[in-house]
Amino acid sequence: MRLVSCAAVLAAALSLAPAASAQVDPPYSGTIFLDPDIVVPSDPTVFESATFSGRGLRTVFDRRANAFIQIDAYLVDLAFTDGTTIEAQINPEFGSASAAMTEAETYGRYVGQLARALRRDIDALWIHQGVEPFGGGNRSILIHTGQSDLYVSSGILEETLIHEAAHTSLDADHAQSAGWLSAQDADPTFISTYARDFPLREDIAESILPYLAVTYRRDRVSQEYIDTVTGAIPNRIAYFDAQTFDLSPFQASVAIAPPPPRGAVSLSVSPNPVAASASFTLRLALHDARHVRVDVVDVRGRKVAQIASRSFPAGETALTWFAGTLSPGTYVVRATAGDEVWTEAVTVGP
C-alpha cells in the first residue's frame, strides 16, 4: 500500500533530477500555500449527517509511526446530500465517542466542500492527533489534527484537502494516462518544483488546485496568479477541461445565485470586517414568516454562539450582535430555516 503526503514545503530540499520536458523553472515550489481564498468556510458543503456506528478494528496509516497500524477505531458514518458516504475512522486516543463525533462532523463539513470528482474514491478518513502532514491515496485521506490546526490558521485546510483528494480519486486514472503525459510534454514547465521532481506522483495533485482557481475562482485570485498558471500549464488546463469532471458543489458555489425561492432566507452582515469591541448587524430577509436559527460557527464548523432561534416575520429583520465575545479571526454566520442553510463569512478584528 502507498500513501502520498502533502509536503510541498520540502520540495526545495529534494534532489531528484527534473523531467526532461521542463524547459524553464517552475513558478512555484508548491501550490497549496499560494492563496487561502480558493475555498473558504462559507462556501457550500454537501455534508448532511454524521452517525456514530460503534467501534471496530481498522488498519490505518499513522505518520507518527510512519507505518500502517491497527486501531480499535471510533467509527462514524458520514453522509452527503449527493448520496455519497465516507466512514470516519477515529483513533481511540481521542478518548470518547462524543469527541470522535466532533472530529467527524468537523471534517465531514470540509470534505463536503470538495468536488464530487475528488470525493469519488474516498472510502475513509483516518483521523489522528499529532502534528504530521496529511496524506492521500489508498481510498482514504489521512488527517492529523495538530497539523490541521496549522492549516486552519493559515487558511489552507480546504486547499490541502483538494490536493490530497486528488491523490485519492484522480491519480490512478490520470497520472500516467497518455493524454496527461502529452500535456506534460507540451507545456512550458511544471507548476511547481514538487510536481517537477515527482512528475508521476505529484503533478496531478499540484496542478488541480491552480486549475480550479483560474477556471472557477478567478474573482478570488490575483491577475498575476492567473497569468502565471495559464502560462505555465495551458495544456494541463485543457486536459482537465476535457474530462468533464463533476465539480459540484465547488462549481455551483460560484454560479450566480437565483432569487431565493418562496420561504427562503437571505442573509447579510455589516460592517464586515468588524472590530472585536463593536457590534455587527445581520439583515435577515424572508418571503414568508418562519422559524429561523442564527448561529456563529468557527472555521472548523463548531458553533461558538447562538444569535437567535425564533419565529421571524416576512420581510427584513435587523439583528444587532456584539462581537466582543469572539476572539479575532474568521467566522461564519449561519441561518437555518427548515432544510435551508444560508451563510455569510465575517471577520472579527483585534
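Here the structure is a predicted model, which means the values were calculated and not measured. (Residues numbered from 1 in each chain as written. Predicted model: local features only at pLDDT ≥ 70, side-chain atom pairs only at ≥ 80, totals over all residues. Heavy atoms only, no water.)

## Focus on the overall build of the protein
For step 1, the next point in the chain: Within the protein, the regular secondary structure consists of 10 helices and 15 strands.
For step 2, the next point in the chain: A total of 350 residues make up the protein; the buried ones form 53% of that total.
For step 3, the next point in the chain: A fraction of 67% describes how many contacts in the protein between residues 6 or more apart in sequence connect residues 24 or more apart.
For step 4, the next point in the chain: Summing over all exposed atoms, the protein offers an accessible surface of approximately 14600 Å²; the carbon and sulfur share of this is 52%. (Helix = DSSP H or I, 4+ residues; strand = E, 2+ residues; numbered from the N terminus. Buried < 20%, exposed > 50% of the residue type's maximum accessible area, 1.4 Å probe, protein only. Contact = heavy atoms within 4.5 Å. Areas by Shrake-Rupley, 256 points an atom, 1.4 Å probe, with all protein chains shown as cover.)

## Overview of the nonpolar core
For step 1, the next point in the chain: Formed by 66 residues in total, the largest nonpolar core has its most connected members in Leu78, Ile90, Leu125 and Ile162.
For step 2, the next point in the chain: A per-element tally of this core places helix α8 (residues 203–216) first, with 9 residues.
For step 3, the next point in the chain: Apart from the residues lying within four places of it in its own chain, the contact partners of Leu125 are Leu78, Ile86, Glu87, Ala88, Gln89, Tyr107, Val111 and Ile141. (Core = buried A, V, L, I, M, F, W, Y, C linked by side-chain atoms within 4.5 Å.)

## Considerations on the confidence of the model for the protein
For step 1, the next point in the chain: When the pLDDT values of the protein are averaged, the result is 86; 89% of them are 70 or greater.
For step 2, the next point in the chain: This stretch, residues 6–22, has a pLDDT under 50; its non-local contacts, to residues over four places away or in other chains, come to 36 contacts.
For step 3, the next point in the chain: Within the model, the stretch residues 253–259 combines pLDDT values under 50 with 4 contacts to residues more than four positions away or in other chains. (pLDDT = per-residue confidence, 0-100.)

## Quick word on the environment of Asp219
For step 1, the next point in the chain: One can find Asp219 in the loop between α8 and α9 (223–232).
For step 2, the next point in the chain: Taking relative accessible area as the criterion, Asp219 reaches 67% and is therefore assigned exposed.
For step 3, the next point in the chain: As for Asp219 and Asp37, which are separated by 182 residues in sequence, their C-alpha atoms are 9.9 Å apart.

## Things to note about the sheet that holds strand β11 (residues 290–297)
Note: strands within a sheet are paired through backbone hydrogen bonds, in either parallel or antiparallel orientation.
For step 1, the next point in the chain: Pairing in this open sheet of 5 strands is mixed, and the strands run β9-β15-β14-β11-β12 from one edge to the other. Only two strands of the sheet have a single partner each, and these edge strands are β9 (274–275) and β12 (303–312). (Pairing = 2+ DSSP bridges.)

## Examining the pattern of salt bridges
For step 1, the next point in the chain: Taken as a whole and assessed by the stated rule, the structure comprises 18 salt bridges.
For step 2, the next point in the chain: The salt bridge involving Asp121 is made with Arg120; its shortest N-O contact spans 3.0 Å.
For step 3, the next point in the chain: Assessed through its relative accessible area of 46%, Arg120 is described here as partly exposed.
For step 4, the next point in the chain: Two residues, Glu202 and Arg201, come together in a salt bridge whose shortest N-O distance is 3.2 Å. (Salt bridge = Lys/Arg side-chain N within 4 Å of Asp/Glu carboxyl O.)

## Observations concerning the packing of aromatic side chains
For step 1, the next point in the chain: Counted according to the given criterion, the structure contains 16 aromatic pairs.
For step 2, the next point in the chain: A centroid spacing of 4.9 Å and a plane angle of 80° characterise the contact between Phe61 and Phe68, whose relative ring orientation is edge-to-face.
For step 3, the next point in the chain: On the accessibility criterion, Phe61 (8% relative accessible area) is buried.
For step 4, the next point in the chain: For Phe68, a relative accessible area of 28% translates into the label partly exposed.
For step 5, the next point in the chain: Connected via pairs of aromatic rings, a cluster forms that spans Trp180, Tyr211, Tyr216, Tyr239, Phe240, Phe245 and Phe250.
For step 6, the next point in the chain: For the cation-ring pair, Arg119 lies above Phe80, with the distance from its terminal atom to the ring centre recorded as 5.5 Å.
For step 7, the next point in the chain: Over the face of the ring belonging to Phe190 we find Arg236, whose NZ or CZ atom lies 4.7 Å from the ring centre. (Phe/Tyr/Trp six-rings, centres within 6.5 Å; stacked < 30°, edge-to-face > 60°. Lys NZ or Arg CZ within 6 Å of the ring centre and 35° of its normal.)

## Quick look at helix α1 (residues 97–111)
For step 1, the next point in the chain: Between the first and last C-alpha of α1 there are 20 Å, a value that for 15 residues agrees with the 21 Å anticipated at 1.5 Å per step.
For step 2, the next point in the chain: Among the residues of α1, those classed as buried are Ala100, Met101, Glu103, Ala104, Thr106, Tyr107, Gly108, Arg109, Tyr110 and Val111. (Expected span 1.5 Å × (residues − 1).)

## So, unusual backbone geometry
For step 1, the next point in the chain: Look at the link from Ser248 to Pro249: it is a cis peptide, with omega at 0°.
For step 2, the next point in the chain: Mapped onto the fold, Pro249 is located in the loop between α10 (234–242) and β8 (265–270).
For step 3, the next point in the chain: One non-glycine residue with positive phi stands out, namely Arg139, at about 55°.
For step 4, the next point in the chain: Within the element layout of this structure, Arg139 appears in the loop between β6 (135–137) and β7 (140–144).
For step 5, the next point in the chain: Its identity is not glycine, yet Thr244 carries a phi of approximately 50°, on the positive side.

## Considering the side chain of Asp295
For step 1, the next point in the chain: With respect to the helices, strands and loops of the structure, Asp295 is situated in strand β11.
For step 2, the next point in the chain: Only 3.3 Å separates the side chain of Asp295 from the side chain of Gln306, close enough to count as a polar contact. (Polar contact = N/O pair within 3.5 Å; in protein donor to acceptor, adjacent residues only side chain to side chain.)

## As for α10
For step 1, the next point in the chain: Among all positions of α10, only Arg236, Ile237, Tyr239 and Phe240 are buried. Take α10 and look down its axis: the buried residues cluster within an arc of 160°, on one side only.
For step 2, the next point in the chain: For α10, the secondary structure elements touched by its buried residues are α5 (171–174), α6 (178–186), α8 and α9. (Arc of directions from axis to C-beta.)

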